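Given next are the chains, with one letter for each unit.
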Amino acid sequence: MSPQRERVLAEVDRAADEIVQYAVDLVRIPTVNPPGEAYEDCARFMGEDMKLRGFEVEYVEAQGRAEHTPRHPRVNVVGRRRGGAGRVVHLNGHFDVVPAGRGWTVDPFAGVVRDGRIIGRGACDMKAGLAAALFAAEAIQRAGVRLPGTIEISGTVDEESGGFAGVAYLAETGRIARGRTDFVIIPEPLNVDRICVGHRGVYWFEVTAHGRIGHGSMPFLGANAIEGMGRLLHAVETELAPALLERLTAVPVVPDGARHATININGIEGGQPVDGIQTPCIADWCRAVFDRRFLIEEGFDATKAEIEALVRRTAALAPGVEFDVRDLMVVHPTRTPDDSPVIAALDGAIRRVLGRAPAIVASPGTYDQKHVARIAELPHCVAYGPGVLDVAHQPDEWCAIEDLIHATKVLALATLQLMDA
Ligand SMILES: [Zn+2]
């Protein structure tokens, strides 16, 4: 490795305490989503810090989005450091975190550092990743290495709720775009020795069963919508789910169970409110929401057609009950091309820093790569960052400091290599 690269790695080691402190400072800003607390504080914290480090900084409010409100403004931040005429490498992290939930043994927003770990909501997913991105750029600068291209760092909102006011907005407004951005790395917590090349598709849909109300003492005189929905649930369990289990993707989705197509029932309601005063009525409505994860090999059209056929078959078995299906959200599967330079650059950097070959994986759930691929039309995007995926969203979420330092080094080396690509 060149002496320049050695100096960069040495600067990461020298900055270790600062890197941890930066991640801790971010954890202490409780950017809880929903509803989207303290977004502006977090964007300003990152932006003002980047200005002091010599970045050009732009704050990007998601104008026109319904979720961008005076009470909970959706404010993103983009920092840019220009060097030579080489490639533009964009490091993007979301700064929203899911609610803390119960079961914590420490204050989730205190930024506790203990036993080599940063503990707190967002420590792993993904404020450590933001710290790694910033200090990858910082280490290059401090090592006195001339930047061959441009490095951009963005902190964005709402990834946990779909990213529409975050990365999608940056892509729609041309801030992340094919032609002006060459490579995107998202330091999500996919484990420090794995490169994540995409995710399965998502189809969220709502099924409503419409029955006919009647006196509850004579259920044969009406049509019970809950019973109709029961038939659909039975068909999902006995017909659809076993069929999905047979379908295996060639994409290396982790964990193993997620290499299959899956379906989950998110929620159900129907008939009379159970806490209310009860009257003898046949339930004339029932609604359920489903989360179908589909494979790149299945495609969306076939996935939707299969659901519609299942609903039609069920309706034939439920006289008097009618069903309708409404799409709530569709996310298409995405996969980085195998020969993408961004995979090669991270592969080389991981081998150098960790001394072992990385695993190439895909994520069980979606993340902001979908917007980079679909809206920005930029295929050269992956997720790579510090933190163990399994502890994301859990109580006592943590990120190992060693992983954070390693990931910072990997990002610095990969960024330099990509700029020369
Ligand atoms: Zn995340």
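Below or above, wherever it landed, is the structure these notes cover. (Residues numbered from 1 in each chain as written. Predicted model: local features only at pLDDT ≥ 70, side-chain atom pairs only at ≥ 80, totals over all residues. Heavy atoms only, no water.)

### Notes on the coordination of the zinc ion
Line of reasoning, step 1. Coordination of the zinc ion by the protein is provided by His94 (NE2), Asp125 (OD), Glu188 (OE) and Glu188 (OE), with metal-donor distances spanning 1.9 to 2.7 Å.
Line of reasoning, step 2. Metal-centred angles of 53 to 146° between the four donor atoms at the zinc ion mark the site as irregular.
Line of reasoning, step 3. Within one chain, the residues serving as donors to the zinc ion are arranged as H-x30-D-x62-E. Within this pair, whereas Asp125 is found in helix H4 (residues 123–142), its partner Glu188 is found in the loop between strand S7 (183–186) and strand S8 (194–199), the two being separated by 63 residues in sequence. The two residues Asp125 and Glu188 agree in class, both being buried. (Donors = N, O, S within 2.8 Å, 3.2 Å for Na, K, Ca; no water. Tetrahedral: all angles 85-135°; square planar, octahedral: opposite > 155°, others 65-115°. Helix = DSSP H or I, 4+ residues; strand = E, 2+ residues; numbered from the N terminus. Buried < 20%, exposed > 50% of the residue type's maximum accessible area, 1.4 Å probe, protein only.)

### Observations regarding unusual backbone geometry
Line of reasoning, step 1. The omega torsion of the bond from Pro34 to Pro35 falls at 10°, within 30 degrees of zero and hence cis.
Line of reasoning, step 2. Take Pro35: it is sitting in the loop between helix H2 (16–27) and helix H3 (39–52).
Line of reasoning, step 3. Pro255 follows Val254 through a cis peptide bond whose omega is -15°.
Line of reasoning, step 4. By the secondary structure assignment, Pro255 is in the loop between helix H6 (225–245) and strand S10 (262–270).

### Regarding the sheet that holds S10
Line of reasoning, step 1. Sheet architecture is open: four strands sit in the order S10-S11-S9-S12, paired in antiparallel fashion. Each edge of the sheet is formed by a strand with only one pairing partner; in this case those strands are S10 and strand S12 (322–331). In this sheet, neighbouring strand axes are inclined to one another by 20° on average, regardless of whether the strands run parallel or antiparallel.
Line of reasoning, step 2. Strand contacts of H6: strand S9 (201–210), S10, strand S11 (285–294) and S12, with the helix running at about 15° to S11, the strand carrying the most contacts.
Line of reasoning, step 3. Contacts between helix H7 (residues 300–317) and the sheet are confined to S9, S10, S11 and S12, with S12 contributing the most and set at about 160° to the helix. (Pairing = 2+ DSSP bridges. Axes fitted to C-alpha atoms, helices over the stretch in contact; angles between N-to-C directions. Contact = heavy atoms within 4.5 Å.)

### So, the packing of aromatic side chains
Line of reasoning, step 1. Going through the model one piece at a time under the given rule, you end up with seven aromatic pairs.
Line of reasoning, step 2. Relative to Phe135, the ring of Tyr22 has its centre 5.9 Å away and its plane inclined at 70°; by these criteria the two rings are edge-to-face. Here the residue Tyr22 occupies a position in helix H2, and Phe135 occupies one in helix H4, the gap between them amounting to 113 residues.
Line of reasoning, step 3. Take Tyr22: its relative accessible area is 3%, and that puts it in the buried class. (Phe/Tyr/Trp six-rings, centres within 6.5 Å; stacked < 30°, edge-to-face > 60°.)

### Here's the deal with the nonpolar core
Line of reasoning, step 1. In terms of nonpolar packing, the biggest core is built from 92 residues, with Tyr384 and Leu404 touching the most fellow members.
Line of reasoning, step 2. Apart from the residues lying within four places of it in its own chain, the contact partners of Leu404 are Ile19, Val20, Ala23, Ile118, Ala128, Ala131, Ala132 and Pro386.
Line of reasoning, step 3. Listed in part, the 25 residues of the second largest apolar core include Val207, Ala288, Phe290 and Ile307. (Core = buried A, V, L, I, M, F, W, Y, C linked by side-chain atoms within 4.5 Å.)

### Some thoughts on the pairing of S8
Line of reasoning, step 1. The buried fraction of S8 amounts to six of the six residues, a majority that puts the element mostly inside the structure.
Line of reasoning, step 2. As defined by bridge partners, S8 adjoins strand S14 (residues 359–363) across four bridges and the pair is classed as parallel. Considered in S14, the bridge of Arg194 is made with Ala359.
Line of reasoning, step 3. In the sheet, S8 pairs with strand S13 (residues 334–335) via two bridges, with the strands oriented antiparallel. Each bridged residue has a counterpart across the sheet, and for His199 the counterpart in S13 is Thr334.

### Describing the side chain of Asp403
Line of reasoning, step 1. Here Asp403 is to be found in helix H10 (residues 401–419).
Line of reasoning, step 2. Buried and without a salt bridge, Asp403 has Arg356 as its closest oppositely charged side chain, separated by 6.6 Å. (Lys, Arg positive; Asp, Glu negative; His and termini not counted. Salt bridge = Lys/Arg side-chain N within 4 Å of Asp/Glu carboxyl O.)

### Quick word on the pattern of salt bridges
Line of reasoning, step 1. Under the defined criterion, the tally for this structure stands at 32 salt bridges.
Line of reasoning, step 2. Of the charged contacts in the structure, one is a salt bridge between Arg87 and Asp182, with a shortest N-O distance of 3.3 Å. Pair noted here: Arg87 is in the loop between strand S2 (75–82) and strand S3 (88–94) and Asp182 is in the loop between helix H5 (167–172) and S7, with a separation of 95 residues, a long-range link.
Line of reasoning, step 3. A single salt-bridge network, built from bridges that share partners, covers Glu18, Asp49, Arg53, Arg81, Glu138 and Arg142.

Everything listed is a geometric property; what it means functionally is a separate question.
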